[in-house]
Amino acid sequence: MLVLYETSTGYAVFKLLDEKKLVQIENLYDEFQTFDKASSIVQLQKFYKFSTTEDAMSAATAAVEGKIGKKLKKVLKKIVAEDANEQLAVADSLLGKVIKDKFNLTCVHNTAISELMRCIRTQTNNLITEVSERENTAMSLGLAHGLSRYKLKFSGDKIDTMIIQAVSLLDDLDKELNNYIMRCREWYGWHFPELGSVVQDHAAYVKTVKKLGMRTASITMDLSDVLPADLEQRVKDAAQISMGTEISDEDIRHITGLCDQIIEMQDYRSQLFEYLRNRMAAIAPNLTVLLGELVGARLISHAGEFHLKLLNMLSNCLTTPIFCLDF
């Protein structure tokens, strides 16, 4: 049996000299306490060193994706050419399946093989003399950092995080907008209290206040770009008989400044909602159709790591509604 062992510096192919040692794995660790004992169990046949850190990173990322990298392909081709009849012990069962499918090699992975790999790791520096301990440590550190960045870059949770952050910010904006609009209505209501009952829509109210300024300006002010014709006339009529108090130009300047802030926040909220809608349509289309963008995004936010199961369940609801109702 051959053992395919991957290190940060390359691939090692060991020959298992005594397969009987795998029968009693509880004693296997003791057999690797010294180099002499370890060398009587496994013997290095060939070591295929990575040329650069990029090669090591490429091999590691391929393994993460369940693929066979270029370097490993070369190693396996040589094994097929020289030892095609040998069994190949691998550290990962998924990798073994891929190797078997592509190279028709009999791969072995079980508890005993896992323990063997762990034991080989304790004597790596002694068994593989082609690489110094210092070089191995430096390569391991660089590869660990690179692989961590790769996993963060292609994390499956990354898109979920974007959705969670977007819907949380959307909720915060709604709260702030509600506070600002209520403050604007109360503040301007001292000057023109009747406007609040005439213009119910918050966005239209803020735009009307910004354009109108002093209520006395309504007589000559054109509000057609803010309000429909019937509401515009009602506003002008209410302004003529308003019971509000007089305010100064400085008061109006601060009130319209608040209106500018509200309008800017409303515009950004519209952009953020469009962004969230596109994200939800891409990652959870079924959930979006069933519950809508906001409810679906909040569900993902609260579900956390279990949201994929939730999405699968809801996807099944599209084809089996009766069972979902029973559930």
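Model, not experiment: these values are computed from the prediction.

Two faces make up the sheet, and in a regular strand the side chains alternate between them. With four of five residues buried, strand S1 (residues 2-6) lies mostly within the body of the structure. Counting the residues that bridge the hairpin from S1 to strand S2 (residues 10-16) gives three residues. The pairing of S1 with strand S4 (residues 88-89) spans two bridges and is classified as parallel. Its bridge partner being in S4, Leu-2 is matched across the sheet by Leu-88.

Further remarks concern the environment of Ile-68. Turning to its location among the elements, Ile-68 is positioned in the loop between helix H3 (53-64) and helix H4 (70-83). Looking at Ile-68, the relative accessible area reads 7%, which means it is buried. Taking the C-alpha atoms as reference points, Ile-68 and Lys-102, separated by 34 residues in sequence, lie 9.5 Å from one another.

Next up on the list: the packing of helix H11 (residues 202-212) against helix H13 (residues 249-283). Contact geometry of H11 with H13 gives a least axis separation of 9 Å together with a crossing angle of 140°. As summarised for this structure, H11 and H13 are arranged oblique, according to the angle between their axes. The two elements H11 and H13 meet at a crossing, and its hand is left-handed. Across the interface between the two elements, Ala-203, Val-206, Lys-207, Val-209 and Lys-210 from H11 touch Ile-255, Thr-256, Cys-259, Asp-260, Ile-262, Ile-263 and Gln-266 from H13. Across the contact of H11 with H13, the residue classes tally to seven nonpolar, two polar and three charged.

This paragraph deals with a nonpolar patch on the surface. A contiguous nonpolar patch, built from Leu-290, Leu-291, Val-295 and Leu-299 and spanning about 290 Å² of accessible area, is present on the exposed surface. Put simply, the parts of the chain that give the nonpolar patch at least two residues each are helix H14 (285-291) and helix H15 (293-303). Considering the arrangement of structural elements, one finds Leu-290 in helix H14.

Our next topic: the pattern of salt bridges. Summed over all chains, the structure comprises 11 salt bridges. We note a salt bridge from Asp-101 to Lys-97, for which the minimum N-O separation is 3.4 Å. Taken together, the positions of Asp-101 and Lys-97, both in helix H5 (residues 93-103) and four residues apart, correspond to about one turn of that helix. Per residue, the accessibility class of Asp-101 equals that of Lys-97, and both read exposed. Note that Lys-210 and Asp-260 form a salt bridge whose closest N and O atoms lie 2.7 Å from each other. In this pair, Lys-210 sits in helix H11 while Asp-260 sits in helix H13, placing the two residues 50 residues apart along the sequence. Assessed through its relative accessible area of 35%, Asp-260 is described here as partly exposed.

Our focus in this paragraph is a positive patch on the surface. A cluster of like positive charges, contributed by Lys-46, Lys-70, Lys-73, Lys-74, Lys-77, Lys-78 and Lys-102, occupies part of the molecular surface. Here the element with the most residues in the positive patch is H4; it accounts for five residues. Among the structural elements, Lys-102 can be located in helix H5. Assessed through its relative accessible area of 55%, Lys-102 is described here as exposed.

Let's shift gears to the packing of H4 against H5. Their axes nearest at 12 Å, the elements H4 and H5 cross at an angle of 60°. By the criterion of interaxial angle, the relationship of H4 to H5 is oblique. Where H4 crosses over H5, the two elements pack in a sense that is right-handed. Taking contact as the criterion, the partners of Leu-72, Lys-73, Leu-76, Lys-77 and Val-80 in H4 are, on H5, Leu-95, Ile-99 and Phe-103.

Glancing now at the sheet that holds strand S3 (residues 42-49). What the five strands build is an open sheet, ordered S3-S2-S1-S4-S5; its pairing is mixed. At either end of the open sheet lies a strand with only one pairing partner, and these are S3 and strand S5 (107-108).

A separate point is the environment of Ser-39. Among the structural elements, Ser-39 can be located in helix H2 (residues 35-39). Put simply, Ser-39 and Leu-16 are 23 residues apart on the chain and 9.6 Å apart in space, counted from C-alpha to C-alpha. Looking at Ser-39, its side chain comes within polar contact range of the main-chain oxygen of Asp-36, at 2.9 Å.

Conventions adopted
- Residues numbered from 1 in each chain as written.
- Predicted model: local features only at pLDDT ≥ 70, side-chain atom pairs only at ≥ 80, totals over all residues.
- Heavy atoms only, no water.
- Buried < 20%, exposed > 50% of the residue type's maximum accessible area, 1.4 Å probe, protein only.
- Helix = DSSP H or I, 4+ residues; strand = E, 2+ residues; numbered from the N terminus.
- Pairing = 2+ DSSP bridges.
- Axes fitted to C-alpha atoms, helices over the stretch in contact; angles between N-to-C directions.
- Parallel < 35°, antiparallel > 145°, perpendicular 65-115°, else oblique.
- Left-handed = near helix turned anticlockwise from the far one by under 90°.
- Contact = heavy atoms within 4.5 Å.
- Nonpolar A, V, L, I, M, F, W, Y, C, P; charged D, E, K, R; others polar.
- Patch = residues over 30% accessible without salt bridge, like charges linked within 9 Å, V, L, I, M, F, W, Y side chains within 5 Å.
- Areas by Shrake-Rupley, 256 points an atom, 1.4 Å probe, with all protein chains shown as cover.
- Salt bridge = Lys/Arg side-chain N within 4 Å of Asp/Glu carboxyl O.
- Lys, Arg positive; Asp, Glu negative; His and termini not counted.
- Charge placed at Lys NZ, Arg CZ, Asp CG, Glu CD.
- Polar contact = N/O pair within 3.5 Å; in protein donor to acceptor, adjacent residues only side chain to side chain.

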